[in-house]
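# An overview of the molecular structure
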Amino acid sequence: MAQEPPHREGGAPEVLVIGQGVAGLSAARALAERGLKVRVVAKAPVERSNSYLAQGGVAAAFAADDSPALHAADTLAVGRGLNRRQTVKTVVAAGPAVLRELLPSGVFALDSRGLPLLDREAGHSRARIWHAPDGYTGRALTGWLWQTVHSHTAIEWEPGRVVRLITRHGRVVGAWVATPDGAVTPRLAAHVVLATGGLAGLWRFTTNPPETQGDGLWLAYDAGAVLADLEFVQFHPTVLAQPQEGRPALLLTEALRGFGAHLVDRSGRRILGDHPAGELAPRDEVARAVASHAPVYLSLRHLDPDAVHRHFPALSQALAERGLDLARDYIPVRPGAHFTMGGVLTDSDGRTTVPGLWAVGEVAMSGLHGANRLASNSLLEGLVLGRRVAAAVAEAARASRPERVPTVYEPLPAWEVPAELGELLDRTLSVFRTPTEMQALRQALSREASTPAVVLCRLMVEAALARTESRGSHWRRDAAEPRPEWRGHLLHQRERGMWFEPGEAAFARRRVPRPAHLHPAEGI
Ligand code: SIN
């Protein structure tokens, strides 16, 4: 536990948004447009957000042969029975209009008529991926949003890490912010929106920046909110497998396979040649195929090299810097931790189970993704649900005033991540899971101090051990089939522990009974 921090009095903006990926920026922008005063707190520059690093693109039905209904059907099919239908419908229905508004932004590659050039990705029955001209869509979209939001006079920006939420009588009323100068400041707000991303940066081999440590999940859990589906972490099947690859490792976008790339073994045989969807099989299946046939390579040798380099200029360049030619070489790949499907349980307006606390984007479990996210649905989620959370917060803000909370000392957690945690997760909580390895992880975690990362890993491994079936990204060698009785969600709450809710019962709007004290400092 940290020593007493140097306190400064904080102001009282109406809404605190934590995180500046696509979800946080969309929410902040829409809140400011609705006349609310906003403070955005982010611990890392925008370039280190997962949204900024995203390749692929944004999925939304646009082509003549496509529709939101088909997009919903694909999302549900790969979600393996764990999506919330209403959230899926809401997000895919809003997608086309939200993206059409962005046509003049310059973010997306357009044809000569000014219409989007659409890619295909795994699990999509139609070409519906809107992408940037250079293929680095996250960079284009997040950069553009950041530019448009940054000059807004209603938004204040604060670099810093939120180290604990401030709760009063069961309501979140602000956050403690540790700023780079070493101060820890209480920032009060009528509403707090978590948009901090997921926790896949805890793995050693990951497409996420190391900052992606699950901050928002822990903050919500610590404040008494319900977390859900923590056993579901998606592994991207094609991450550059080079021993010196750093963190984040280089993602080789699924759009390459949409363009015709093959996945081959050492002898050049296609490992998914017998699958009806070939290389465009759902991501969980491709990850398992790649993990079981190692070493595996992406091969684009059968395609026109000029077309390959033209379509993927940024990736061609990134590979060239590593001595590889995207069009001519076998590119070694392996699955890497990529996306957190679980998160803070919310409805489709970002409402959590704790009053005053909202969550949106990867930190949230809104029910959009189920057990296996459909490619390029997450930037869409950030854009659509970022606006929805803003609308719901604006509505709620009419009825609430920022509380005057006495500034009291609160014990603040130490955020260190054990040095060996990433490799441990790579070994034990990966594409294939076994009870023996998961128990070893549990044992190892029991010897560690209860820092936020360790607490989250304990919750993940408890859920992964409890779910004695295989579904989506959670694949157990000892129970390699889905079991109907597990169609539902494992939930966690600090006071109550872990429990299971069948079907969509977890999403029924209700509050978890409030514990007597949300945390010790509340009694002061
Ligand atoms: C990719 O480009 O393959 C990643 C896109 C995503 O994860 O949605």
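Structure's up top.
Residues numbered from 1 in each chain as written. Predicted model: local features only at pLDDT ≥ 70, side-chain atom pairs only at ≥ 80, totals over all residues. Heavy atoms only, no water.

## Examining the packing of aromatic side chains
How two aromatic rings sit relative to each other is set out by the distance from centre to centre and by the angle between their planes. Counted according to the given criterion, the structure contains eight aromatic pairs. Ring plane angle 85° and centroid distance 6.0 Å describe the contact between Trp203 and Phe235, whose orientation is recorded as edge-to-face. Of this pair, Trp203 sits in the loop between strand 10 (191-194) and helix 6 (215-222) while Phe235 is found in strand 12 (residues 233-240), placing the two residues 32 residues apart along the sequence. Each member of the pair Trp203 and Phe235 is classed as buried. In textbook terms, an aromatic cluster arises when at least three aromatic residues are bridged by ring pairs, as seen for Phe62, Phe108 and Trp130. The ring of Phe339 carries Arg373 above its face, with NZ or CZ at 4.2 Å from the centroid. Seen from the ring of Phe432, Arg477 lies directly overhead, with NZ or CZ sitting 4.1 Å from the centre. (Phe/Tyr/Trp six-rings, centres within 6.5 Å; stacked < 30°, edge-to-face > 60°. Helix = DSSP H or I, 4+ residues; strand = E, 2+ residues; numbered from the N terminus. Buried < 20%, exposed > 50% of the residue type's maximum accessible area, 1.4 Å probe, protein only. Lys NZ or Arg CZ within 6 Å of the ring centre and 35° of its normal.)

## A few points about the nonpolar core
Soluble globular proteins tend to pack their nonpolar side chains together in the buried interior. Among the nonpolar cores identified, the biggest contains 63 residues, and Leu165, Leu194, Trp203, Leu227 and Leu357 are the most heavily contacted of them. No other element matches the 10 residues that helix 14 (residues 452-466) contributes to this core. The next biggest cluster of nonpolar side chains, apart from the first, holds 47 residues, and it includes Ala32, Leu99, Phe108 and Ala392. (Core = buried A, V, L, I, M, F, W, Y, C linked by side-chain atoms within 4.5 Å.)

## Comments concerning the side chain of Gln213
Relative to the assigned elements, Gln213 resides in the loop between strand 10 and helix 6. Among the residues examined, Gln213 registers a relative accessible area of 17% and is labelled buried. Only 3.0 Å separates the side chain of Gln213 from the side chain of Arg161, close enough to count as a polar contact. Residues contacting Gln213, with those up to four places away along its chain left out, are Lys43, Arg161, Gly198, Leu199, Leu202, Trp415, Val417 and Leu456. (Polar contact = N/O pair within 3.5 Å; in protein donor to acceptor, adjacent residues only side chain to side chain. Contact = heavy atoms within 4.5 Å.)

## Comments concerning the sheet that holds strand 17 (residues 357-359)
Taken together, the five strands give an open sheet; going across it, the order is 6-2-1-10-17, and neighbouring strands pair in parallel fashion. Looking along the sheet, the strands with just one partner apiece sit at the ends: strand 6 (155-159) and strand 17. Pairs of neighbouring strands in the sheet enclose a mean axial angle of 20°, with direction left out of account. Here five bridges tie strand 2 (residues 38-42) to strand 6, and the two strands are oriented parallel to one another. Pairing of Val38 across the sheet is with Ile155, part of strand 6. On top of the sheet, helix 11 (residues 377-398) reaches strand 1 (15-18), strand 10 and strand 17; it is set at about 170° to strand 10, its chief contact. (Pairing = 2+ DSSP bridges. Axes fitted to C-alpha atoms, helices over the stretch in contact; angles between N-to-C directions.)

## As for the site of the ligand
Residues in close proximity to the ligand include Gln55, Gly56, Glu121, His236, Leu251, Thr253, Glu254, Arg283, His338, Arg373, Ala375 and Ser376, which together make up its full environment. Isolated, the ligand exposes 260 Å² of accessible area, and the fraction of that covered by the protein chains is 96%. Broken down by class, the residue content of the shell around the ligand amounts to two nonpolar, six polar and four charged. (Near = heavy atom within 4 Å. Areas by Shrake-Rupley, 256 points an atom, 1.4 Å probe, with all protein chains shown as cover. Nonpolar A, V, L, I, M, F, W, Y, C, P; charged D, E, K, R; others polar.)

## Describing the pairing of strand 15 (residues 331-340)
Burial of strand 15 is extensive: nine of the 10 residues sit out of reach of the surface. With six bridges connecting them, strand 12 and strand 15 associate as antiparallel partners. Counterpart to Val233 in the pairing with strand 15 is Thr340. Bridging between strand 14 (residues 296-299) and strand 15 involves three bridges; their strand directions are antiparallel. Looking across to strand 15, one finds that Leu298 is bridged to Ile331.

## Topic: the environment of Ile129
Examined against the element boundaries, Ile129 turns out to sit in strand 5 (residues 129-130). Take Ile129: its relative accessible area is 0%, and that puts it in the buried class. With residues near it in sequence (within four places) discarded, Ile129 still touches Gly56, Gly57, Val58, Ala59, Leu117, Leu118, Asp119, Arg120, Glu121, His124, Ala375 and Ser376.

## Looking at the environment of Pro418
As for its placement among the helices and strands, Pro418 is situated in the loop between helix 11 and helix 12 (421-428). Classification of Pro418 by relative accessible area gives buried; the value is 16%. Taking the C-alpha atoms as reference points, Pro418 and Arg447, 29 residues apart in sequence, are found 11 Å from one another. Other than its neighbours up to four places away in sequence, Pro418 contacts Glu448, Thr451 and Val454.

## Describing helix 12
Among all positions in helix 12, only Leu421, Gly422, Leu424, Leu425 and Thr428 are buried. End-on, the buried residues of helix 12 take up no more than an arc of 165°, which puts them together on one face. The inward-facing, buried residues of helix 12 contact helix 13 (435-446) and helix 14. (Arc of directions from axis to C-beta.)

## Some words on the packing of helix 1 (residues 22-33) against helix 11
Relative to each other, helix 1 and helix 11 sit at 35°, their axes nearing to 7 Å. The element helix 1 and its partner helix 11 pack so that their crossing is right-handed. Residues Val22, Ala23, Ser26, Ala27, Ala30 and Leu31 of helix 1 pack against Leu379, Gly382, Leu383, Gly386, Arg387, Val389, Ala390 and Val393 of helix 11. The residue inventory of the contact of helix 1 with helix 11, partitioned by class, reads 10 nonpolar, three polar and one charged. (Left-handed = near helix turned anticlockwise from the far one by under 90°.)

## Thoughts on the pattern of salt bridges
Under the defined criterion, the tally for this structure stands at 33 salt bridges. For the salt bridge of Glu211 with Arg48, the shortest nitrogen-to-oxygen distance reads 3.1 Å. Here Glu211 is found in the loop between strand 10 and helix 6, whereas its partner Arg48 is found in the loop between strand 2 and helix 2 (50-53), with 163 residues between them in sequence. A salt bridge links Glu101 to Arg387, with the nearest nitrogen and oxygen atoms 2.9 Å apart. Residue Glu101 is located in helix 4 (residues 85-101), and its partner Arg387 is located in helix 11; the two are separated by 286 residues in the primary sequence. (Salt bridge = Lys/Arg side-chain N within 4 Å of Asp/Glu carboxyl O.)

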